[in-house]
Amino acid sequence: MKNLTIIFHSQGGGTKTLITALMEGIKLHSFPELVVHIEDSVVVKSEIILEADAIVLGTAENFGYMSGAMKHFFDRVYYPCLETKRGLPYQLIVNADTDGRGAVHSVENIIRGLGWKRIDKPQIFKGKIKKSDLSICKELGATIAAGLEAGIF
């Protein structure tokens, strides 16, 4: 069994739309040994992260930074996961009104301390979500599921 954990918070609904498309892609790839946990960053417990084989983080960009809810997530899980989850494969999805770089930078600073490994470059979706954005998320979901199945990450 492989555990994929998806952590996100969506105050305005945009990040949830992107994560829903990601989930569609995961479901397209028939991998019966994959267990997917979808958790709100406000309430997720560190035990879920400790069981994860890979993690997807979805955040809005707020004031050029990750969402407060995502920062709250990191505040709660950082030390419980610090030594035991080094090398955890992760993927970052940012729903941005501006360029998204501040959100990426703030998340990656914390992840660097955790020692997690990037699956692919951060995906930044700017402005109103387009059909092409949803296609990218769907393809990313299928890629992550296939990579877990193949043991790539």
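Please read these numbers as outputs of a predicted model, since none were measured by experiment. (Residues numbered from 1 in each chain as written. Predicted model: local features only at pLDDT ≥ 70, side-chain atom pairs only at ≥ 80, totals over all residues. Heavy atoms only, no water.)

1. Brief notes about the side chain of E108
Here's step 1: The topology assignment puts E108 in helix 4 (residues 101-114).
Here's step 2: Given the relative accessible area of 14%, E108 is considered buried.
Here's step 3: Side-chain polar atoms of E108 contact the side chain of R118, separated by 2.5 Å.
Here's step 4: Contacts of E108, omitting those with residues within four sequence positions, involve Y90, R118 and P122. (Helix = DSSP H or I, 4+ residues; strand = E, 2+ residues; numbered from the N terminus. Buried < 20%, exposed > 50% of the residue type's maximum accessible area, 1.4 Å probe, protein only. Polar contact = N/O pair within 3.5 Å; in protein donor to acceptor, adjacent residues only side chain to side chain. Contact = heavy atoms within 4.5 Å.)

2. Quick notes on the nonpolar core
Here's step 1: Counting residues in each nonpolar core, the largest one holds 26 residues, and the members touching the most others are I7, I49, I55, L57, F73, F74 and W116.
Here's step 2: Elements with a contribution of two residues or more to this core: helix 2 (46-50), strand 3 (54-62), helix 3 (68-81), strand 5 (89-96) and helix 4.
Here's step 3: Sorting elements by how many residues they give to this core places helix 4 first, with 6 residues.
Here's step 4: L4, L22, M23 and L34 belong to the second largest nonpolar core, which has 21 residues in total. (Core = buried A, V, L, I, M, F, W, Y, C linked by side-chain atoms within 4.5 Å.)

3. Considering the pairing of strand 1 (residues 2-8)
Here's step 1: Counting buried positions along strand 1 gives 6 out of 7 residues, so the element sits mostly inside the fold.
Here's step 2: Two strands pair when backbone bridges link them, and strand 1 and strand 2 (residues 34-40) are joined in this way by 7 bridges, in the parallel orientation. Bridge assignment links I6 to a residue of strand 2, and that residue is I38.
Here's step 3: In the classification by handedness, the crossover that spans strand 1, the intervening helix 1 (residues 14-28) and the parallel strand 2 is right-handed.
Here's step 4: Looking at chain direction, strand 1 and strand 3 are connected through 5 bridges and run parallel. When the sheet's bridge partners are listed, I7 is paired in strand 3 with L57. (Pairing = 2+ DSSP bridges. Right-handed = clockwise from strand over helix to strand, strands pointing away.)

4. Here's the deal with the packing of aromatic side chains
Here's step 1: What the rule picks out here adds up to 3 aromatic pairs.
Here's step 2: Ring centres of F73 and F74 lie 5.1 Å apart, and the angle between their planes is 55°; on these two criteria the pair is classed as tilted.
Here's step 3: Given the relative accessible area of 0%, F73 is considered buried.
Here's step 4: Using a relative accessible area of 2% as the deciding quantity, one classes F74 as buried.
Here's step 5: Judged by centre distance (6.4 Å) and plane angle (50°), the rings of F74 and W116 are tilted. Separated by 42 residues along the polypeptide, F74 in helix 3 and W116 in the loop between helix 4 and strand 6 (117-118) bring together distant segments of the chain. (Phe/Tyr/Trp six-rings, centres within 6.5 Å; stacked < 30°, edge-to-face > 60°.)

5. Examining the packing of helix 3 against helix 4
Here's step 1: Interhelical geometry of helix 3 versus helix 4 gives an angle of 10° and a closest axis separation of 11 Å. Of the possible angle classes, the one that applies to helix 3 and helix 4 is roughly parallel. Each of K71, F74, Y78 and C81 in helix 3 lies in contact with helix 4, whose residues at this interface are V107, I110, I111, G113 and L114.
Here's step 2: Residue composition of the contact of helix 3 with helix 4, grouped by class: 7 nonpolar, 1 polar and 1 charged. (Axes fitted to C-alpha atoms, helices over the stretch in contact; angles between N-to-C directions. Parallel < 35°, antiparallel > 145°, perpendicular 65-115°, else oblique. Nonpolar A, V, L, I, M, F, W, Y, C, P; charged D, E, K, R; others polar.)

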